[in-house]
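Residue-level structure breakdown
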Amino acid sequence: MDTVALKSEIDLWLMEYFSKKGTYNRKIYDAMHYSLDVGGKRIRPILCCTTYNIYKKNYQNVMSVACAIEMIHTYSLIHDDLPCMDDDDLRRGHPTNHKVFGESVAVLAGDGLLNEAMSIMFDYCIGKNQNEIVACKLISDSAGPEGMIGGQIVDILSEGTKISYDTLRYMHKKKTGSLIKASILSGAILGNAQKEEIEKLADFGEKLGLAFQIKDDILDVTGDENVLGKNINSDIDNNKTTFITTFGLEECKNKCKILTTECLDILKDLKKDTKSLEDITKFLLHREV
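Below you will find a few notes about this structure. (Residues numbered from 1 in each chain as written. Predicted model: local features only at pLDDT ≥ 70, side-chain atom pairs only at ≥ 80, totals over all residues. Heavy atoms only, no water.)

If you walk through the whole model with that rule in mind, you get two cavities of 30 Å³ or more. When its volume is computed, the largest cavity comes out at roughly 80 Å³. As for the largest cavity, its lining consists of 13 residues, and the residues nearest its centre are S35, V38, I78, D81 and R91. Those elements that provide at least two residues to the lining of the largest cavity are α2 (26-37), α4 (63-80) and β2 (94-95). (1 Å grid on protein atoms, 1.4 Å probe; cavity = no way out; pocket = protein on both sides within 12 Å on 5 of 7 lines; lining within 4 Å. Points joined across faces, edges and corners; volume = space filled by probe spheres on them. Helix = DSSP H or I, 4+ residues; strand = E, 2+ residues; numbered from the N terminus.)

As a further point, take the layout of surface pockets. Empty space within the second largest pocket amounts to approximately 300 Å³. Around the second largest pocket, the lining is made up of 17 residues, and of these K173, G177, S178, K181 and E206 lie nearest the centre. Listing elements by their share of the lining of the second largest pocket, those giving two or more residues are α7 (130-142), α9 (165-190) and α10 (195-222). A total of nine residues in the lining of the second largest pocket trace back to one element, the largest contributor, which is α9. Of the residues that constitute the lining of the second largest pocket, the class distribution is four nonpolar, six polar and seven charged. (Nonpolar A, V, L, I, M, F, W, Y, C, P; charged D, E, K, R; others polar.)

Once that is clear, we can look at the pattern of salt bridges. Within this structure, the stated rule accounts for 20 salt bridges. Sharing partners across several salt bridges, the network here consists of K7, D11, R42 and E70. (Salt bridge = Lys/Arg side-chain N within 4 Å of Asp/Glu carboxyl O.)

Before going further, it helps to examine the side chain of D81. Assignment of secondary structure puts D81 in the loop between α4 and β1 (90-91). Setting aside chain neighbours within four positions, we find D81 in contact with D87, D88, R91, T96 and H98. (Contact = heavy atoms within 4.5 Å.)

It is worth spelling out the nonpolar core at this point. Residues I72, L201 and F204 are the most contacted members of the largest nonpolar core, which totals 63 residues. Of the residues forming this core, the biggest block, ten residues, is contributed by α4. Residues in contact with L201, not counting those within four places in the same chain, are T51, Y55, I184, L185, A188, L267, L270 and L277. (Core = buried A, V, L, I, M, F, W, Y, C linked by side-chain atoms within 4.5 Å. Buried < 20%, exposed > 50% of the residue type's maximum accessible area, 1.4 Å probe, protein only.)

Take the packing of aromatic side chains next. Centre distance and the angle of the planes are the two values used to describe a pair of aromatic rings. A complete count under the given rule lists six aromatic pairs for this structure. Arranged with centres 6.3 Å apart and planes meeting at 55°, the rings of F18 and Y29 form a pair that is tilted. Highlighted residues: F18 in helix α1 (residues 3-19) and Y29 in helix α2, separated in sequence by eleven residues. For the pair F18 and Y29, one class covers both residues: buried. (Phe/Tyr/Trp six-rings, centres within 6.5 Å; stacked < 30°, edge-to-face > 60°.)

Glancing now at helix α8 (residues 148-158). For α8, the complete set of buried residues consists of M148, G150, G151, Q152, V154, D155 and S158. At the C-terminal side of α8, G160 shows a positive phi close to 80°.

Once that is clear, we can look at a nonpolar patch on the surface. Judged by side-chain polarity, I153, I156 and L157 come together as a nonpolar surface patch covering roughly 280 Å² of accessible area. One can find I153 in helix α8. I153 gets classed as partly exposed once you look at its relative accessible area, which sits at 43%. (Patch = residues over 30% accessible without salt bridge, like charges linked within 9 Å, V, L, I, M, F, W, Y side chains within 5 Å. Areas by Shrake-Rupley, 256 points an atom, 1.4 Å probe, with all protein chains shown as cover.)

It is worth spelling out unusual backbone geometry at this point. Its identity is not glycine, yet R92 carries a phi of approximately 55°, on the positive side. Structurally, R92 can be placed in the loop between β1 and β2.

A few words on the side chain of T242. Position of T242 relative to the elements: it lies in the loop between α12 (234-237) and α13 (243-247). Looking at T242, the relative accessible area reads 7%, which means it is buried. A polar side-chain atom of T242 sits 3.1 Å from the main-chain amide nitrogen of I244. (Polar contact = N/O pair within 3.5 Å; in protein donor to acceptor, adjacent residues only side chain to side chain.)

Turning our attention to α9. Compared with the 38 Å implied by 1.5 Å per residue over 26 residues, the 35 Å span of α9 between its first and last C-alpha is a close match. With respect to burial, α9 is a largely interior element, 19 of its 26 residues being buried. Residue N192 follows α9 closely and has a positive phi angle near 65°. (Expected span 1.5 Å × (residues − 1).)

Below is the structure:
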């Protein structure tokens, strides 16, 4: 599966979706699309389509769900960047949403993306079967208080304090890992994967999400701002406990490699054509953004 071509398809779907939206309320769609359109690796929708493709070949059947996941992810970035949260000026090399549209519109743009994602998933489920409902509920739950928002609140409450490893692990399992895991599992469920395969992919998703976050912490210290498209050392500046402050840089690099190996072993154990997922896993280990 060509993930570069898949990313282009996702970009096109998102552009076309917003191209005819809005009348008097056009500004909110402009703000929503701005943050979707300024780049991004599209890892989550790619994971959804790629996992689905292991079981069924026409991944276009789940494109709307995959793009809904990207809307949820982007809403969280808009809100993360707000002055009341991380107060960032740059995202993906461009001014953050509130710097372009103002704080009020940015808040509504994030809200709009979350609601639009839910509406898309409701539409997808109409007239379909139980698996579609289960997959979309999983995605919805992954974004809520027991998922991404649950991790975000721990992140906010932990600023300026030294937190335990268990708290750190919980925070990132929810804040970062939850939606990544849901992207993988939704693709598997929609593809009618067997129960034991879904269990293995759940383990894969948890490990991949953890590796993703540790790599993010590494890049926050070692990354090039011009490549990353955002300020580095932001976690240090905000006095946050990270995997780097807990384990040190070299140990974090080692943990990423170990987790990546474990992810690849799980995929091989599926006895399916998982090459595309393996390639994504390796890419995430070596990425510079």
